[in-house]
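The chain contents come next:
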Number of protein chains: 4
Amino acid sequence: MPVKPKWERLADHIRGQIESGELAPGDQLPSTVQLKAQHGVSTTVVRQAILVLQTQGWVQGVHGLGVFVADR
Amino acid sequence: MPVKPKWERLADHIRGQIESGELAPGDQLPSTVQLKAQHGVSTTVVRQAILVLQTQGWVQGVHGLGVFVADR
Amino acid sequence: MPVKPKWERLADHIRGQIESGELAPGDQLPSTVQLKAQHGVSTTVVRQAILVLQTQGWVQGVHGLGVFVADR
Amino acid sequence: MPVKPKWERLADHIRGQIESGELAPGDQLPSTVQLKAQHGVSTTVVRQAILVLQTQGWVQGVHGLGVFVADR
DNA sequence: GTGGTCTAGACCACG
DNA sequence: GTGGTCTAGACCACA
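In this text, all values refer to a predicted model and were calculated from it rather than measured experimentally. (Residues numbered from 1 in each chain as written. Chains lettered and ligands numbered in written order. Predicted model: local features only at pLDDT ≥ 70, side-chain atom pairs only at ≥ 80, totals over all residues. Heavy atoms only, no water.)

### Description of the protein's contact with DNA strand E
Line of reasoning, step 1. Around DNA strand E, the structure places 41 residues, and the nearest of them are A:R47, C:R47, D:K6, D:S42 and D:T44.
Line of reasoning, step 2. In this structure, B:T43 approaches DNA strand E through a side-chain N or O atom, which is 2.9 Å from a base nitrogen.
Line of reasoning, step 3. Between a phosphate oxygen of DNA strand E and a side-chain N or O atom of C:R47, the distance comes to 2.5 Å.
Line of reasoning, step 4. Among the residues making up the surface near DNA strand E, the classes are represented as 13 nonpolar, 25 polar and three charged. (Near = heavy atom within 4 Å. Polar contact = N/O pair within 3.5 Å; in protein donor to acceptor, adjacent residues only side chain to side chain. Nonpolar A, V, L, I, M, F, W, Y, C, P; charged D, E, K, R; others polar.)

Written out as structure tokens, the structure reads:
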């Protein structure tokens, strides 16, 4: 029985936080290290989740600073 | 008529803040850039003031972080 | 698709200015602060770019004075 | 009295380990995280040390794997 | 007021 | 979980 990959569930989780307003445009997401610890996943899972959210325009990564919720 | 050099007056000023408790042990001093602006002096003056306070044991510079009031 | 690092692009830019004669031997490069502002990058990127140009012999940094185009 | 920069002392240390045979060609160096912890320095210092050793041909970094002592 | 060193900690690319 | 890039901003050494 197929299960959603971990990165997809993590992406869904963060997307939900944005849609609910828990994370507002301009807010900084927890760092990748924090997300790893909070969700008990690996770097790759976090990166993949962030990546899809970036390509979908939900968040934007700024090198050396962090990942931020995009203005829409 | 001889006047105290600027760096000595600045050092006196900071030492006074420490002695009065305005700056407590472990507190971070304003950055060199801030001290320059606040007192209208050059880099050299600030550095010289910090230098004498360091050699006298009042403060301690930590590379990349800042200058801190020493424990006594 | 591979992207060149910022420091490499900056180094290429400066090297190009030297090869084109826009910057002649003995000329002073813009200061690190100016380069940061002009290219919208951080200290590290500028330093890294200057560093490789120094090791390749294109420029020479003189402490307290500036960075200069080397004689070749 | 001139003090060597931290990155240079670290580079010297590693180069010494290679010359003494403590680190043989093909051996993997400690990870950057370990080097940071072992020597109590920041990322920049470790990277700078590795960088010069790479440019001098002592070691070779392989992305995603580690840094290895080069064959000579 | 310049170049040089350094910290803390972030994201990015790769295996 | 590694190496590599990057930010912001600090002190240090020199002229």
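### Brief notes about the side chain of B:R15
Residues and elements named next belong to chain B.
Line of reasoning, step 1. Relative to the assigned elements, R15 resides in helix 1 (residues 6-19).
Line of reasoning, step 2. Residue class for R15 comes out buried when judged on its relative accessible area of 17%.
Line of reasoning, step 3. Residues contacting R15, with those up to four places away along its chain left out, are L53, Q56 and W58. (Helix = DSSP H or I, 4+ residues; strand = E, 2+ residues; numbered from the N terminus. Buried < 20%, exposed > 50% of the residue type's maximum accessible area, 1.4 Å probe, protein only. Contact = heavy atoms within 4.5 Å.)

### Considerations on the pattern of salt bridges
Line of reasoning, step 1. Inspection of every chain in the model, using the stated rule, returns eight salt bridges over all chains.
Line of reasoning, step 2. Of the charged contacts in the structure, one is a salt bridge between B:D12 and B:K4, with a shortest N-O distance of 2.9 Å.
Line of reasoning, step 3. Taking the relative accessible area as the measure of exposure, B:D12 reaches 26% and is therefore partly exposed.
Line of reasoning, step 4. The class for B:K4 is partly exposed, based on a relative accessible area of 45%.
Line of reasoning, step 5. The structure contains a network of salt bridges with shared partners spanning A:K4, A:D12 and A:R15. (Salt bridge = Lys/Arg side-chain N within 4 Å of Asp/Glu carboxyl O.)

### A look at the protein's contact with DNA strand F
Line of reasoning, step 1. In the neighbourhood of DNA strand F, 40 residues make up the surrounding shell, with A:H63, B:R47, C:K6, C:T44 and D:R47 lying closest.
Line of reasoning, step 2. When the atoms of DNA strand F within 4 Å of the protein are grouped by moiety, sugar and phosphate amount to 68% of the total.
Line of reasoning, step 3. Taking A:H63, its side chain carries an N or O atom lying 2.7 Å from a base oxygen of DNA strand F.
Line of reasoning, step 4. Its residues placed into classes, the surface near DNA strand F shows twelve nonpolar, 25 polar and three charged.

### Structural notes on the UniProt feature "domain: HTH gntR-type" (unreviewed entry) in chain A
Line of reasoning, step 1. As recorded in UniProt, the feature "domain: HTH gntR-type" (unreviewed entry) lies at residues 4-72 of chain A.
Line of reasoning, step 2. The annotated region residues 4-72 of chain A carries 51% helix and 12% strand content, and the separation between its end C-alpha atoms amounts to 27 Å. (UniProt positions renumbered as here; feature names shortened; annotations may be inferred.)

### A closer look at the arrangement of the chains
Line of reasoning, step 1. Spatially, chain B is disjoint from chain C: no contact exists, and the shortest C-alpha separation is 12 Å.
Line of reasoning, step 2. With no contact between them, chain A and chain D keep their nearest C-alpha atoms 12 Å apart.

### Considering the pairing of strand 2 (residues 66-69) of chain D
Residues and elements named next belong to chain D.
Line of reasoning, step 1. As defined by bridge partners, strand 1 (residues 59-62) adjoins strand 2 across four bridges and the pair is classed as antiparallel. For V62, the partnering residue across the bridge sits in strand 2 and is G66.
Line of reasoning, step 2. Hairpin geometry of strand 1 and strand 2 is characterised by an intervening segment of three residues between the two adjacent antiparallel strands and by a positive phi of about 85° at G64. (Pairing = 2+ DSSP bridges.)

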